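Coordinate analysis (summary)
Next come the chains, spelled out residue by residue.
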Amino acid sequence: MVWPNAESAANSDPWLIANHDRIRSMRPRVLVVNFVHGLAEWEARHKVEWLCRTLRESSRWQGFRDPAAPPFLEPWIAGIVDLTEPRGRVDRNSARFPRAADGVGFDYAALHELRLHDGLRLDELAERGLVNEVWLLADHTAHSAPWETVEVKRTYDTEFRPLGFEAQAGNSGPHDAPWIGRSLRILFVNFARGVGCAMESLGHSLERMATCGALPYFERYFREFAMLDLDRRLGLPFESLYGRDDPVAYPTPSSLRYRVGWRRHTVRDYVVAGGNVHFMPNGRHDYDLDNRAPVLSTIETWRQPEQVARPWTPDVLERYRDLAPDCMGRWVVYWRQNMPGLGNTARDDDGRPMKNWWPFLFY
């Protein structure tokens, strides 16, 4: 079973829910909009095709262990829209770059009004299943700063019955992207940075999509995997390691030390699950890729019948350095490979096979 197909091609289609466990591959159609003046079509295509390759690799469940593991996500470029002429006055973005009222942000509502592909607007493209995701190629400066991702997503109850929509399902602040009746994710790809940074942005997008209340089933397990439930699960005075002023430490492979005010606290028998975008299992502070000291983690056996905590170090990330060389890219590829994907052996609270997480991207 491959999606999109002749029966179903649009995001939020009930077909996705009915056939979730039967889908063997998703090949979402990506529309790229290039605003960078002077960035040739071949250069734009090279960057986004590289990102497609990286996403494919990241969706091979535990591909680092099984070279034959198939990719589940196989995005392909439906078109590259050239909006690069003429050059703007303050950066490399063209004068056609739709700026928000503050003169810096991106006007997502204006983007939805443009006839971008085949003479159609985004709502029409999404409704017909011609486009499942949008990537913006743009320059990021003090005068132009689109959000990392914007997604207005359909919401569901615990039985996957549709309810309404969530406007803040992406990694963004306030925006004016409209609800078009179907979920749609818009990723900003900074042309001046590498694919690893785009993967980090998509990692944050996944974190937000999974925790905004849109998908209760997904949120229940994602928070546990990503260590975003430390307050509820371990009784700590914070939800996660995000946003802390002071670095944490790991006095032993199975303990965590943190500070609140002037007091230091130590958590014994601390075992990391999967971690999150900024914090690998042994991360001491945001973006820490350098800690060589091992910690115990279940990232590679999480919720499997024989879940085992093993010493973890970032040595396992070296195989991805060339694929996603900047930002947290190499970690995000490995992190995603350990999320329950096609053929995973994880179990849910009822002991049933864990659903493949990737179809949720297009619910």
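For the structure, see preceding data.
As the structure is a computational prediction, the values presented were derived from the model and not from experiment.

About the criteria used
- Residues numbered from 1 in each chain as written.
- Predicted model: local features only at pLDDT ≥ 70, side-chain atom pairs only at ≥ 80, totals over all residues.
- Heavy atoms only, no water.
- Helix = DSSP H or I, 4+ residues; strand = E, 2+ residues; numbered from the N terminus.
- Buried < 20%, exposed > 50% of the residue type's maximum accessible area, 1.4 Å probe, protein only.
- Contact = heavy atoms within 4.5 Å.
- Pairing = 2+ DSSP bridges.
- Axes fitted to C-alpha atoms, helices over the stretch in contact; angles between N-to-C directions.
- Disulfide = S-S within 2.5 Å.
- Core = buried A, V, L, I, M, F, W, Y, C linked by side-chain atoms within 4.5 Å.

Comments concerning the environment of Leu289
Topologically, Leu289 is positioned in the loop between β10 (263-268) and β11 (295-297). Judged by its relative accessible area of 12%, Leu289 is buried. Residues Leu289 and Leu206, spaced 83 residues apart in sequence, show a C-alpha to C-alpha distance of 20 Å. When sequence neighbours within four positions are dropped, the list of residues in contact with Leu289 reads Met280, Pro314, Leu317, Cys327, Met328, Arg330 and Trp331.

What about the sheet that holds strand β7 (residues 162-166)?
Overall, mixed pairing links the six strands, which are arranged β4-β3-β5-β8-β6-β7 in an open sheet. The sheet is open, and its two borders are formed by β4 (76-82) and β7, each paired with just one other strand. Sheet twist, expressed as the mean angle between neighbouring strand axes with direction ignored, is 20 degrees. Where strand β5 (residues 133-138) lies against strand β8 (residues 184-190), six bridges are found, and the strand directions are parallel. The partner of Leu137 across the bridge, within β8, is Val189. Sitting on the sheet, helix α2 (residues 41-58) touches β3 (29-34), β4, β5 and β8, and the angle it makes with β4 is about 150 degrees. Helix α5 (residues 195-211) rests against β5, β6 (149-156), β7 and β8 of the sheet, and its axis sits at about 150 degrees to β8.

What to know about the state of the cysteines
Within the structure shown, the criterion is met by one disulfide. The side chain of Cys197 participates in a disulfide bridge whose partner is Cys327; the two sulfur atoms lie 1.9 Å from each other. Across the S-S bond linking Cys197 and Cys327, the dihedral sits near 75 degrees, which makes this disulfide right-handed. With Cys197 in helix α5 and Cys327 in the loop between β12 (310-312) and α8 (329-337), this residue pair connects regions lying 130 residues apart in the sequence.

As for the nonpolar core
Of all hydrophobic cores here, the largest spans 83 residues; its most connected members are Trp135, Phe222, Trp331, Trp335 and Trp357. It is α5 that provides the largest number of residues to this core, a total of seven residues. Filtering out sequence-adjacent residues up to four positions away, Trp357 remains in contact with Phe218, Tyr221, Phe222, Phe225, Trp302, Met339 and Pro340. Within the second largest apolar cluster, 25 residues are counted, among which are Leu116, Ala138, Ala177 and Phe188.

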